[in-house]
Amino acid sequence: MKQIFTYLKPYRGQMLLGVLLIAVSGVCSLLLPTIMSDILNRGVYRSDWDYILRCSAKMLVVTAISLGAVVAGTWFRTRVVSGFCADLRAAVFSRVNQMPFEEVSRIGTSALLTRSTHDVGTMAWVADMLSSNIITIPVLFFGGVALAFSKDPALALIILLALPIITAAMLIIGRKVEPLWKISDSYCDKQNDLVRERLHGIRVIRAFNREEQEQGKIADATRVMAEHIIEANVKMGLASPLAIALMNLVAVAIVFFGGSRMQSGVSSASGGDIFAMVQYVALVMNGIVMAAFALVMYPHAKVAAGRIGEVMAAKTVNDAPGEDITFAGDIRMEDVTFCYEGADAAAVSHVTLHIAPGEKAAIIGGTGSGKSTLVQLLMAFRQPTEGKIYYDGRDAATLNRRTIRQNISCVLQRAGIYSGTIRENIAMGRPDAAEEEIWQAAAVAQMTDYIKAQPKGLDHVLVQAGKNLSGGQKQRVSIARAVLKNAPIYLFDDSFSALDFMTEANLRRALAEKAAGKTQIVVTQRVTSAMNSDKIFVMDGGMLVDAGTHRELLERCGVYREIYLSQTGGDRR
């Protein structure tokens, strides 16, 4: 939790000012019962209306000062809390962006979303408490007790007797509540995960009429989460009635014993003093209730801080600005093996290959053969479990990951389309590109006809995930983005699968002209996408089984020949 509170440092001045203003309001609240006591003792008993009016005017002034202090203090407090919350959420998001994929998978995407929203909101409550209650509690408690002792020390002891009782009760409640918050937060993560998964696969769910069954799974997670939240809140809710009941008992005791002491002449306290002490009890108990609520909420804040702390302590990758190095395009893998965490077998095993600068290479294989894993290794998304990857003779492990990625124009298997215009989506490849260059990239990707058909052209708005585009249009926008980047190495991971053969042929001709002299790597399952490459690498079961030209592989590689015959019907041309 200490690490999280470092994000409050920029707001220390505003926090201090807000705390002082809240303290002024608390002092004003303590002055009002004293003035009321004087009105009763010296005004009402003596029928001195002038004194009553003067004291009433004082009360109005004190109330106005209290109101102004509260408004100003709340303004500063709100600025502190909102700023802290924004900074903490930005820090969590930045940390997530720096995590390797292994860490993201370990914690879980849904858990990361919950921690950057729900848990940050809980910590915002802590910041709010520190900006107000941290001063309100001692001012009301110690100030009220001190003023009560000034009226009648014996009666004031009754107030102190209530303190250990309410404190013990709050500690017991806090211990009962902490495990409930841990369970409810874990099921909040699970519910978030289920909802995301179901929304992503809603078409499949509807196609198989599984809505009720899937809804049942989400309902079960929601029910468990709700049960623990309700139980935690019910137990936390005990704090307020316990404190109020205790406050009323103390008030009754003060009135009873105060009256008895007045009648017996033991005490010099007047009726106004007893009236003031009852008011002090209310103020002191208000401070105790605030403290009790803070004690009860502490376990929840502790859980939230721990969950955020896990994110902040997670491993990160070196994504600092890369060196200004331009690759020639030479790529070499030496005995590369990679195994996903928890997997029984390696995804790729002992792969050795070489792609010369300017060479067009293809990596072909069936589903699960390890093609996409090779792409992740080439893009430095993951590090080899064994072996080395070299770019222009430099060990990739010694290179900054940004340096590697700035030298690769990549189109991944799943087209990444973002809400915004077509222009903005293509310009992600090179944000400073001129409009003419964007049109040229769109032309290579065979996207100009679609863009010109839209009333706003390049400013045509795409919705989230490109849901107003077809699969082929999404791929072509992604290809245009990679073409605009114009890096020394082009990497296409199954990026032509949604294109018809005519569009793919036209795109390949335009791309061959645009990327002439650059290294091109095409990862595909389609022989027609690989057969014109200078070199074809055949993957099967995570292993590189052969490499060569199309004709060479047809003659000697059974895996490649089987893929070819299954897709072409036996034509060996």
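Residues numbered from 1 in each chain as written. Predicted model: local features only at pLDDT ≥ 70, side-chain atom pairs only at ≥ 80, totals over all residues. Heavy atoms only, no water.

(A) Quick look at the overall build of the protein chain. Assigned secondary structure in the protein chain consists of 20 helices and twelve strands. Taken over the C-alpha trace, the protein chain has a radius of gyration of 35 Å; the compact-globule value for 573 residues is 25 Å, which it surpasses by more than 25%. Principal-axis analysis of the C-alpha atoms places the extent of the protein chain at approximately 120 × 50 × 50 Å. Taken over 573 residues, the protein chain has a buried fraction of 46%. On the protein chain, roughly 28100 Å² of surface is accessible, and the fraction owed to carbon and sulfur atoms is 59%. The averaged location of the 53 negative side-chain charges in the protein chain is 5 Å from the averaged location of its 60 positive side-chain charges. (Helix = DSSP H or I, 4+ residues; strand = E, 2+ residues; numbered from the N terminus. Rg over C-alpha atoms; globule rule 2.2 N^0.38 Å. Buried < 20%, exposed > 50% of the residue type's maximum accessible area, 1.4 Å probe, protein only. Areas by Shrake-Rupley, 256 points an atom, 1.4 Å probe, with all protein chains shown as cover. Lys, Arg positive; Asp, Glu negative; His and termini not counted. Charge placed at Lys NZ, Arg CZ, Asp CG, Glu CD.)

(B) Just the packing of helix α5 (residues 109–151) against helix α6 (residues 153–200), in detail. At their nearest, the axes of α5 and α6 sit 13 Å apart, and the two run at 175° to each other. Here α5 is positioned roughly antiparallel relative to α6, judged by the angle of their axes. Residue classes in the contact of α5 with α6 are distributed as 13 nonpolar, five polar and seven charged. (Axes fitted to C-alpha atoms, helices over the stretch in contact; angles between N-to-C directions. Parallel < 35°, antiparallel > 145°, perpendicular 65-115°, else oblique. Nonpolar A, V, L, I, M, F, W, Y, C, P; charged D, E, K, R; others polar.)

(C) Representation of the sheet that holds strand β6 (residues 408–411) in the model. The six strands are arranged β6-β9-β10-β3-β11-β12 in an open sheet whose pairing can be described as mixed. Bordering the open sheet on either side are β6 and β12 (543–548), each of which pairs with just one other strand. If you compare each strand with its neighbour and ignore which way they point, the axes differ by 15° on average. Bridge analysis of strand β9 (residues 489–493) against strand β10 (residues 519–524) gives five bridges, and the strand direction is parallel. In the sheet register, Y490 faces β10, and the bridge partner there is Q520. Contacting β3 (360–365), β11 (535–540) and β12, helix α20 (residues 558–568) runs over the sheet at an angle of about 95° to β11. (Pairing = 2+ DSSP bridges. Contact = heavy atoms within 4.5 Å.)

(D) Summary view of a positive patch on the surface. A cluster of basic residues, R42, R46, R54 and K58, forms a positive patch on the protein surface. Within the secondary structure, R54 is located in helix α3 (residues 49–98). Using a relative accessible area of 48% as the deciding quantity, one classes R54 as partly exposed. (Patch = residues over 30% accessible without salt bridge, like charges linked within 9 Å, V, L, I, M, F, W, Y side chains within 5 Å. Salt bridge = Lys/Arg side-chain N within 4 Å of Asp/Glu carboxyl O.)

(E) Structural context of the packing of aromatic side chains. Taken as a whole, this structure holds five aromatic pairs when the rule is applied. Taking 5.1 Å as the distance between ring centres and 80° as the angle between the ring planes, the aromatic pair formed by W75 and F76 counts as edge-to-face. For F76, a relative accessible area of 17% gives the class buried. For the ring pair F338 and Y340, a centre distance of 4.8 Å and an interplane angle of 90° mean the geometry is edge-to-face. Assessed through its relative accessible area of 3%, F338 is described here as buried. One aromatic cluster is present, formed by Y490, F492 and F496 through successive ring pairs. (Phe/Tyr/Trp six-rings, centres within 6.5 Å; stacked < 30°, edge-to-face > 60°.)

(F) How the structure looks around the sheet that holds strand β2 (residues 348–355). Here we have four strands laid out as an open sheet, ordered β2-β1-β4-β5, and antiparallel in their pairing. The open sheet has two edge strands with one neighbour each: β2 and β5 (394–395). Sheet analysis places strand β4 (residues 386–391) next to β5, joined by two bridges and oriented antiparallel. In the strand pairing of β5, Y391 is matched with R394. Where helix α11 (residues 371–378) meets the sheet, it contacts β1 (331–338), β2 and β4, and its direction lies at approximately 120° from that of β1.

(G) Quick look at the pattern of salt bridges. Per the counting criterion, the structure on display carries 15 salt bridges. With a closest N to O distance of 3.0 Å, E103 and R106 form a salt bridge. Here R106 and E103 lie together in helix α4 (residues 101–107), a separation of three residues that amounts to about one turn. Taking the relative accessible area as the measure of exposure, R106 reaches 43% and is therefore partly exposed. Linking E334 and R332 is a salt bridge whose minimum nitrogen-to-oxygen distance equals 2.1 Å. Each of the salt bridges in this network shares a partner with another, and the network as a whole consists of E103, R106, R115 and E310.

(H) Up close: a nonpolar patch on the surface. A surface patch of nonpolar side chains, amounting to about 230 Å² of accessible area, comprises V24, V61 and I65. By relative accessible area, V24 is classed as partly exposed at 35%.

(I) Region of interest: α5. The end-to-end C-alpha distance of α5 is 60 Å, a good match for the 63 Å that 43 residues give at a rise of 1.5 Å each. A bend of about 40° at L130 is the largest found in α5. (Expected span 1.5 Å × (residues − 1). Bend = angle between axes of the 7 residues up to and from the residue.)

(J) Structural context of the environment of G429. Along the polypeptide, G429 turns up in the loop between α13 (422–427) and α14 (435–444). The class for G429 is buried, based on a relative accessible area of 18%. Sequence separation between G429 and S116 is 313 residues, and the spatial gap between their C-alpha atoms is 28 Å. Other than its neighbours up to four places away in sequence, G429 contacts R481 and K485.

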